[in-house]
Amino acid sequence: MTHPPAPEAIIRALREYSPRSLNIMEVCGTHTVSAFRSGVRSVLPEGYRLISGPGCPVCVTSQGQIDGAVALADVPDAIVLTYGDMLRVPGSNGSLADARARGRDVRVVTSAMEAPDIALASPGRQVVFLAAGFETTAPATAAMLSEAAGRGLRNLSILCLHKRTPPAVRALLEDAALGIDALILPGHVCVILGHAPFLFISEQYERPCVIAGFSAESMLLGVLDLTIQRARGETALHSVYPDAVKSEGNRKATELMDRAFVPCDSVWRGLGKISSSGMRLAPSLKDFDAELRFGVSPGEPPEPRGCRCGDVLRGRITPPECPLFRTTCTPAAPVGPCMVSSEGTCGAYFRFYKGGTVAWEIS
Amino acid sequence: MGDFLTLGHGSGGRLTNDLVRRITSVFPAPETPSAFEDCAYLPDGYAMTLDGFTVSPRVFPGGDIGKLSICGSVNDLAVRGVRPEWIAMGLILEEGIAEEEVIGYMRSAALVCKELGITLTCGDTKVVPHGAADGVFITTCATGRRETARNLGMHALRPGDHLILSRSYGRHGATIAAQRFDLDVPGLASDCAPLWEPARALLDIGGLRCMRDCTRGGTGTVLCEWAEGAGVGIEIREDDLPRDPDVLSVCDILGFDPLYLACEGCMIVAVSAEDADTVLSRLAQFAPCSGAADIGVVTEGHPGLVGMRTHIGGHRVVDMPVGEILPRIC
Ligand code: SF4
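Cut-offs and rules
Residues numbered from 1 in each chain as written. Chains lettered and ligands numbered in written order. Predicted model: local features only at pLDDT ≥ 70, side-chain atom pairs only at ≥ 80, totals over all residues. Heavy atoms only, no water. Phe/Tyr/Trp six-rings, centres within 6.5 Å; stacked < 30°, edge-to-face > 60°. Helix = DSSP H or I, 4+ residues; strand = E, 2+ residues; numbered from the N terminus. Buried < 20%, exposed > 50% of the residue type's maximum accessible area, 1.4 Å probe, protein only. Lys NZ or Arg CZ within 6 Å of the ring centre and 35° of its normal. Domains from an automatic or database assignment. Contact = heavy atoms within 4.5 Å. Buried area = accessible area lost by both parts, 1.4 Å probe. Salt bridge = Lys/Arg side-chain N within 4 Å of Asp/Glu carboxyl O. Polar contact = N/O pair within 3.5 Å; in protein donor to acceptor, adjacent residues only side chain to side chain. Near = heavy atom within 4 Å. Nonpolar A, V, L, I, M, F, W, Y, C, P; charged D, E, K, R; others polar. Core = buried A, V, L, I, M, F, W, Y, C linked by side-chain atoms within 4.5 Å.

Caption draft 1: Examining the packing of aromatic side chains more closely. Within this structure, the stated rule accounts for 5 aromatic pairs over all chains. Here the aromatic rings of F134 of chain A and W268 of chain A are separated by 5.9 Å at their centres, their planes lie at 25°, and the arrangement is stacked. With F134 of chain A in the loop between β5 (126–131) and α8 (138–151) and W268 of chain A in strand β10 (residues 261–268), the pair connects residues that are 134 residues apart, well separated along the chain. Judged by its relative accessible area of 6%, F134 of chain A falls in the buried class. Under the relative-accessibility criterion, W268 of chain A is labelled buried at 1%. Across from the ring centre of F200 of chain A, 4.2 Å away, lies the NZ or CZ of R170 of chain A, which sits over that ring. The ring of Y41 of chain B carries R146 of chain B above its face, with NZ or CZ at 3.7 Å from the centroid.

Quick look at the structure:
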């Protein structure tokens with residue numbers, strides 16, 4: 001474990017290199033929030049632009065999937081368990097918070113592992129866990145399912161919303177119009193997946209990338225690493241993550257995932273359908289599939305009109321450039337998913353950015 | 001779907017403020033100067049406040065709903081320079097709850113009353129059918145007399161004033177979240193405590209502008225309300241915030257910003273620059289305020305906005321939270 005140098009030292013070094021322009025995408029929503037909370041953007045010298053990527057699992061959950069979740073909440077006697085920030089995401093028929101306000105039993109959990117206990121404590125009722133998130137939460141869902149299968153729980157099922165990070169990053173890089181020079185990858189995803197699934201970024205798409213932790217110091221160090229790579233004309237995958245990232249990742253977690261899920265195409269809000277970017281339950285776990293059990297399979301309704309989440313997620317525009325930003329679209333009444341989650345780019349801009357009149361303006 | 005209230009409307013941030021405005025607009029505005037604030041000054045030096053309490057779990061490290069129901073109302077009076085003297089209490093109890101449990105909460109409440117010399121004057125008890133309430137709901141109305149002639153309130157804020165936070169923030173919210181989400185944080189307990197004594201100790205300080213206890217919505221929300229309500233800017237310094245490692249660890253796991261977590265025994269004091277040290281030294285005499293710190297200033301620039309100079313030397317905006325504070329995925 002290495003201690004990052006003091007932030008002032010990193011910022012000084014960044015100033016020395018001072019590239020004419022360097023557009024960096026932070027792939028993960030946790031980086032987005034951390035950057036805003038700690039003011040990382042405001043200390044970057046001119047020329048740097050941090051662009052928020054698609055890495056908020058809530059934001060990219062499609063409207064159809066939310067509609068499915070709401071439909072499950074409407075099943076008589078059902079208990080729907082969800083991670084917190086999923087509650088407010090609008091579907092075409094309202095959000096899960098609206099369903100709860102209508103008297104549906106929607107409960108917030110922080111871990112998949114709570115589901116079996118709730119199912120056990122609620123005989124005669126159907127418990128549905130909304131399994132959302134990237135490779136960081138999917139292993140927990142997989143472990144929970146194997147426990148549920150072991151205990152023979154018949155009143156528990158999941159709506160599988162899990163998504164895979166690498167195919168989405170690849171889809172972004174395929175976009176020729178994408179103005180991204182370098183990428184910051186999330187440390188916690190890489191601890192699980194390892195380096196290998198992300199090597200294509202530097203090898204095939206020739207962009208420098210760095211695995212960084214979520215502290216401001218680690219992010220700044222990541223930016224410095226990318227700057228140096230760029231100055232030297234290198235394109236490699238480096239890591240400044242404080243914990244060791246093994247190149248093969250966490251075997252146990254990936255095996256669990258591979259046993260429980262098979263890749264499938266998946267719709268990302270704002271990005272559309274991306275092949276192999278989703279996870280479906282493996283045939284052996286079919287009995288736990290809530291969509292099959294309750295015959296819920298909503299279509300994919302069109303995205304809300306005027307919402308430019310797709311462009312935001314691709315780094316083409318910043319949220320204030322969306323005409324709905326702060327006018328019709330606010331965290332209290334979000335139009336698009338990027339406004340909903342605390343990690344969503346538009347939500348983060350809404351809370352932390354107040355336009356050009358104040359001292360801490362960000363660019 | 002705007003027709004239904006959601007839990008977000010009760011979280012103390014923007015949605016709550018808007019809802020309260022719609023509710024109070026139905027009534028004619030009263031003639032008292034501090035109409036429709038947390039605490040109202042009445043004629044002849046009296047003042048009054050009312051607060052409802054629901055908390056799950058009802059017992060938590062550092063207190064229970066009984067203690068909370070007295071501290072909450074007392075603190076609303078205290079920060080306006082009012083000595084709490086009388087309490088009226090309304091209980092809504094769910095059928096099936098153990099009487100012993102209820103009496104236990106009353107004992108905790110009575111203890112705080114005794115400590116502060118408060119008399120329970122009247123009350124009301126209702127038992128409702130199973131499912132019509134969640135265990136125990138308590139409403140308390142506290143009244144008392146002002147011990148300062150000054151109208152302490154955010155209208156008194158001036159650019160250059162210092163902001164003093166009486167202790168590390170977010171403890172109550174973090175404690176409840178840890179209990180609710182089953183996190184084991186051994187040292188963590190709610191800050192639930194009456195603030196009358198420390199608040200009283202500040203009343204004769206000439207440069208005292210206003211005080212507020214940070215409850216629902218946390219420190220960040222109070223600062224935003226001051227900036228917006230008084231039309232001033234506020235700038236705080238992250239490195240000077242009295243932070244608590246236990247609170248931060250809960251925030252780390254659940255993705256919360258500690259600035260928005262509820263407190264129940266923590267206040268912000270605004271004071272002229274000259275008198276800031278006096279406030280700090282007076283607060284230091286009281287155990288719950290031993291961590292008091294000077295955290296920022298009122299500014300002329302950026303009226304209506306709260307900014308924070310961050311640990312790495314950057315800037316960010318502190319905005320009012322919207323809706324329920326939810327744990328995030330990851
Ligand atoms: S501001 Fe709202 S409508 Fe515009 S891109 Fe963001 S989420 Fe979509």
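Caption draft 2: Local environment of the domain arrangement of chain B. All names here are of chain B. Partitioning chain B into structural domains gives domain 1 (31–146) and domain 2 (154–318). Computed over C-alpha atoms, the centres of domain 1 and domain 2 are 23 Å apart. Across the boundary between the two partners, domain 1 contributes 24 residues, which contact 22 residues of domain 2. Interface of domain 1 and domain 2: buried area, both sides summed, is about 1900 Å²; carbon and sulfur atoms make up 64% of it. Area buried by domain 1 at its contact with domain 2 is led by P61, N75 and V79, which between them contribute 29% of it. Between domain 1 and domain 2 we count 0 salt bridges in total. Applying the counting rule to domain 1 against domain 2 returns 6 residue pairs in polar contact (both at pLDDT 80 or more). Looking at the side of domain 1 that touches domain 2, the elements that each hand over two or more residues are β3 (59–60), α2 (65–78), β5 (82–94) and α3 (99–116).

Caption draft 3: Main features of the site of the ligand. Contacts to the ligand come from C307, R308, C309, V312, C322, L324, F325, C329, G336, C338, M339 and C346 of chain A. Partitioning the shell around the ligand into residue classes produces 10 nonpolar, 1 polar and 1 charged.

Caption draft 4: Representation of the pattern of salt bridges in the model. Using the criterion set out here, one finds 24 salt bridges over all chains in the structure. The closest approach of N and O atoms between R37 of chain A and D257 of chain B, which form a salt bridge, is 3.6 Å. Here R37 of chain A, found in helix α2 (residues 29–38), pairs with D257 of chain B, found in the loop between α7 (245–254) and β11 (267–271), and the two come from separate chains. The class of R37 of chain A is partly exposed, set by a relative accessible area of 21%.

Caption draft 5: Quick look at the interface of chain B and chain A. At the junction of the two partners, chain B supplies 33 residues and chain A supplies 43 residues. Across the chain B to chain A interface the summed buried area is about 3300 Å²; carbon plus sulfur atoms make up 67%. Inspection of the region where chain B meets chain A yields 4 residue pairs in polar contact (both at pLDDT 80 or more). Every element with two or more residues in the side of chain B that touches chain A is listed here: β13 (306–309) and β14 (315–318) of chain B. Tallying contributions element by element places β14 of chain B first for the side of chain B that touches chain A, with 3 residues. Across the side of chain B that touches chain A, the residue classes break down as 17 nonpolar, 10 polar and 6 charged.

Caption draft 6: Summary view of the nonpolar core. With 72 residues, the main nonpolar core has F129, I158, L185, I201 and F261 of chain A as its most contacted residues. Not counting the four nearest positions on each side in its chain, L185 of chain A is found in contact with V27, H31, C190, F198, I201, C209, V210, I211, A212 and L237 of chain A. Of all hydrophobic cores here, the second largest spans 50 residues; its members include L68, Y105, A199 and C289 of chain B.

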